[in-house]
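# Structural overview
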Amino acid sequence: MRRESEPERADRNFVELLQGARVAVTGVQVLFAFLLTVPFSPGFAQLSLADRWLFYVALVSAAVASICYIAPTAQHRVLFRQGRKETLVRRSNLYGILGALALAVSMTTATMLVIDYLFGPTLAWGTAAVIAVLALWTWFGQPALNRSDDQDSSGGNAVPSPSSGGDAVSSSRDD
């Protein structure tokens, strides 16, 4: 089997990043669109100042998540055929992480706002804490542990390949 070149790997990595972003961007855009309509509903005027600030954080963080998830595609159009795919891959990965953080904030605060409106602040804070911890653990904590496990077990030089039955492959990691 032929090894892929650096440009081929950058192309593959960029496609993989865009595929991952497509999953998240749909949810972000639905949440953002919903949040944009909320102030125009009759019950919005009844929100406390604290709930309005929760809404503000949910709305702005959804906008930031949308920007981060859309940025790689927009930048690809601007940088098309400029030979900067590796830079675009690294930057897109960062935007994906920032987008996920912003999405976690938006989901947490939007959930907290609704729970506070329905049941009061005690349940809202508890639910928000669970949502935030769950998002941070599943999206960042668990993968971070897997990264450190791989580096510890392989000395940072090789990673088991799922298709090779656990045989080590080169250390040139790209995902």
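What you are looking at is a predicted structure, and each value in this text was computed from that prediction instead of being measured. (Residues numbered from 1 in each chain as written. Predicted model: local features only at pLDDT ≥ 70, side-chain atom pairs only at ≥ 80, totals over all residues. Heavy atoms only, no water.)

## Some points on the nonpolar core
Among the nonpolar cores identified, the biggest contains 24 residues, and L35, F55 and Y69 are the most heavily contacted of them. Breaking this core down by element, the ones donating at least two residues are α1 (6-37), α2 (49-78), α3 (85-119) and α4 (121-154). Among the elements that line this core, the one with the most residues is α3, at seven residues. When neighbours within four sequence positions are excluded, Y69 is seen to be in contact with A21, A24, V25, V28, G96, G99 and A100. A10, L18, L88 and V89 belong to the second largest nonpolar core, which has five residues in total. (Core = buried A, V, L, I, M, F, W, Y, C linked by side-chain atoms within 4.5 Å. Buried < 20%, exposed > 50% of the residue type's maximum accessible area, 1.4 Å probe, protein only. Helix = DSSP H or I, 4+ residues; strand = E, 2+ residues; numbered from the N terminus. Contact = heavy atoms within 4.5 Å.)

## Side note on the packing of α1 against α2
For the pair α1 and α2, interaxial distance at closest approach is 9 Å and the crossing angle is 150°. Here α1 and α2 pass one another in a crossing that is left-handed. Residue-level inspection shows F14, L18, A21, A24, V25, V28, Q29, F32, L35 and L36 of α1 in contact with α2, the latter providing F55, A58, L59, A62, A63, A65, S66, Y69, I70, P72, T73 and H76. Of the residues belonging to the contact of α1 with α2, the class tally is 18 nonpolar, four polar and no charged. (Axes fitted to C-alpha atoms, helices over the stretch in contact; angles between N-to-C directions. Left-handed = near helix turned anticlockwise from the far one by under 90°. Nonpolar A, V, L, I, M, F, W, Y, C, P; charged D, E, K, R; others polar.)

## Topic: a nonpolar patch on the surface
On the surface, L49, W53, Y56, V57, V60, V64 and V105 cluster together into a nonpolar patch covering about 640 Å² of accessible area. Its place among the elements puts W53 in helix α2. (Patch = residues over 30% accessible without salt bridge, like charges linked within 9 Å, V, L, I, M, F, W, Y side chains within 5 Å. Areas by Shrake-Rupley, 256 points an atom, 1.4 Å probe, with all protein chains shown as cover. Salt bridge = Lys/Arg side-chain N within 4 Å of Asp/Glu carboxyl O.)

## Side note on the side chain of S92
Within the secondary structure, S92 sits in helix α3. If sequence neighbours within four positions are ignored, S92 has contacts with F14, L17 and P72.

## Topic: the confidence of the model for the protein
Predicted confidence across the protein gives a mean pLDDT of 83, with 85% of residues reaching 70 or more. Across residues 156-172 the pLDDT falls below 50, and counting only partners more than four positions away or on other chains, this stretch makes 23 contacts in the model. (pLDDT = per-residue confidence, 0-100.)

## A short note on the packing of α1 against α3
Between two packed helices, what matters for the description is the angle formed by their axes and the separation of those axes. Interhelical geometry of α1 versus α3 gives an angle of 25° and a closest axis separation of 10 Å. The angle between α1 and α3 places the two elements in the roughly parallel class. Where α1 crosses over α3, the two elements pack in a sense that is left-handed. Across from A10, D11, N13, F14, L17, V28, L31 and L35 in α1, the residues of α3 making contact are K85, E86, L88, V89, S92, N93, L103, S106, M107 and A110. (Parallel < 35°, antiparallel > 145°, perpendicular 65-115°, else oblique.)

## A word on the environment of M107
Mapping M107 onto the fold places it in helix α3. The class of M107 is partly exposed, set by a relative accessible area of 35%. M107 sits 76 residues away from L31 along the chain, and the two C-alpha atoms are 8.1 Å apart. Discounting chain neighbours no more than four positions away, the residues touching M107 are L31 and W139.

## Digging into α3
Here α3 spans 49 Å end to end across 35 residues, near enough to the 51 Å set by a 1.5 Å rise per residue. Just downstream of α3, G120 is the residue with a positive phi angle, here 105°. (Expected span 1.5 Å × (residues − 1).)

## Here's the deal with the pattern of salt bridges
This structure, assessed with the given rule, holds two salt bridges. The salt bridge partner of R12 is E16, with a shortest N-O separation of 3.1 Å. Remark: E16 and R12 occur in helix α1; sequence separation between them is four residues, near one turn of the helix. With its nearest N and O atoms 3.3 Å apart, the salt bridge here joins R90 to E86.

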